[in-house]
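For reference, the chains in residue letters:
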Amino acid sequence: RNCQVGGHHEQMGPGAGRDDALLRDAVQEHRGRIVKTTGDGIDAAFETPSDGLGAVVEIQLALLDPATTAGMGLRVRCGLHTGPVQARDNDYFGGTINRTARIMNAAHGGQILVSQAIADQLRERLPENVELKDLGAVRLKGLATTEAVFQVVHPGLYQHFRSEGHTAELQS
């Protein structure tokens, strides 16, 4: 079973190489592997949703820490989803990958969004200080069906986001 995460930098700067190393290390420390880089982001696969959640929380906390990012905290968008995929040529394809990308794209910088499938598997195994906030069913760009989306809440992460643009429907 694979858990997919998509991440996207809202800001790029001279520390991008260091930030890439931080992303790579967090993914590897949580039993994941980077499937591909997407310019200013990554797609990664994990053994379990818990591994994926641990990686994205670690990434967000590290990138918000000015000591880690040479004085400039970075806000990245993260999305987690799980489901069947087709593996081919060291890459993954299929509806799960598309849905993961759409969930990530619905997030604000500094926000982690997860699908209902991830929430169902994590609910009884959330790490200490982590909660899931139900944002309701949202229509994701390019998909015919809605997706129940949850925001990962942690005391060290941003928790409130302005209602603007493509994420207005995520505000509860």
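Now for a look at the structure at hand. (Residues numbered from 1 in each chain as written. Predicted model: local features only at pLDDT ≥ 70, side-chain atom pairs only at ≥ 80, totals over all residues. Heavy atoms only, no water.)

Focus on the pairing of strand S7 (residues 112-115)
So, point 1. In S7, alternate side chains face the same way, and those of Ile112 and Val114 on one face and Leu113 and Ser115 on the other are all buried.
So, point 2. Looking at chain direction, strand S4 (residues 76-82) and S7 are connected through three bridges and run parallel. Bridging from a neighbouring strand, Gly79 pairs with Leu113 of S7.
So, point 3. In this structure, S7 lies alongside strand S9 (residues 146-153), joined through three bridges in antiparallel fashion. Residue Ser115 lies in a different strand from S9, and its bridge partner there is Val149. (Buried < 20%, exposed > 50% of the residue type's maximum accessible area, 1.4 Å probe, protein only. Helix = DSSP H or I, 4+ residues; strand = E, 2+ residues; numbered from the N terminus. Pairing = 2+ DSSP bridges.)

Focus on the packing of aromatic side chains
So, point 1. Following the criterion strictly, the structure yields zero aromatic pairs and no others.
So, point 2. Positioned over the ring face of Tyr158 is Arg75, at 3.8 Å from the centre of the ring.
So, point 3. Seen from the ring of Phe93, Arg88 lies directly overhead, with NZ or CZ sitting 4.0 Å from the centre. (Phe/Tyr/Trp six-rings, centres within 6.5 Å; stacked < 30°, edge-to-face > 60°. Lys NZ or Arg CZ within 6 Å of the ring centre and 35° of its normal.)

Focus on helix H2 (residues 49-64)
So, point 1. The end-to-end C-alpha separation of H2 is 23 Å, in line with the 22 Å expected for 16 residues at 1.5 Å each.
So, point 2. Taking burial as the measure, the 16 residues of H2 include 13 buried ones, the bulk of the element. (Expected span 1.5 Å × (residues − 1).)

Notes on the pattern of salt bridges
So, point 1. The full count for this structure, using the stated rule, is three salt bridges.
So, point 2. With its nearest N and O atoms 2.7 Å apart, the salt bridge here joins Arg31 to Asp51. Of this pair, Arg31 sits in the loop between helix H1 (16-29) and strand S2 (32-37) while Asp51 sits in helix H2, placing them 20 residues apart in sequence.
So, point 3. Take Asp51: its relative accessible area is 11%, and that puts it in the buried class. (Salt bridge = Lys/Arg side-chain N within 4 Å of Asp/Glu carboxyl O.)

Some details on the nonpolar core
So, point 1. Ranked by size, the top nonpolar core spans 29 residues in total, and within it Leu53, Ile59, Leu63, Ile112, Val114 and Val152 carry the most contacts.
So, point 2. Sort the elements by how many residues they give to this core and H2 lands first, with eight residues.
So, point 3. With nine residues, the next largest nonpolar core counts Ile103, Leu113, Leu140 and Leu143 among its residues. (Core = buried A, V, L, I, M, F, W, Y, C linked by side-chain atoms within 4.5 Å.)

Things to note about the pairing of strand S3 (residues 41-46)
So, point 1. Counting buried positions along S3 gives six out of six residues, so the element sits mostly inside the fold.
So, point 2. Both faces of S3 are covered, namely the face carrying Gly41, Asp43 and Ala45 and the face carrying Ile42, Ala44 and Phe46.
So, point 3. Looking at chain direction, S2 and S3 are connected through five bridges and run antiparallel. Residue Ile34 lies in a different strand from S3, and its bridge partner there is Ala44.
So, point 4. Adjacent in sequence and paired antiparallel, S2 and S3 are bridged by three residues, among which Gly39 carries a positive phi angle near 80°.

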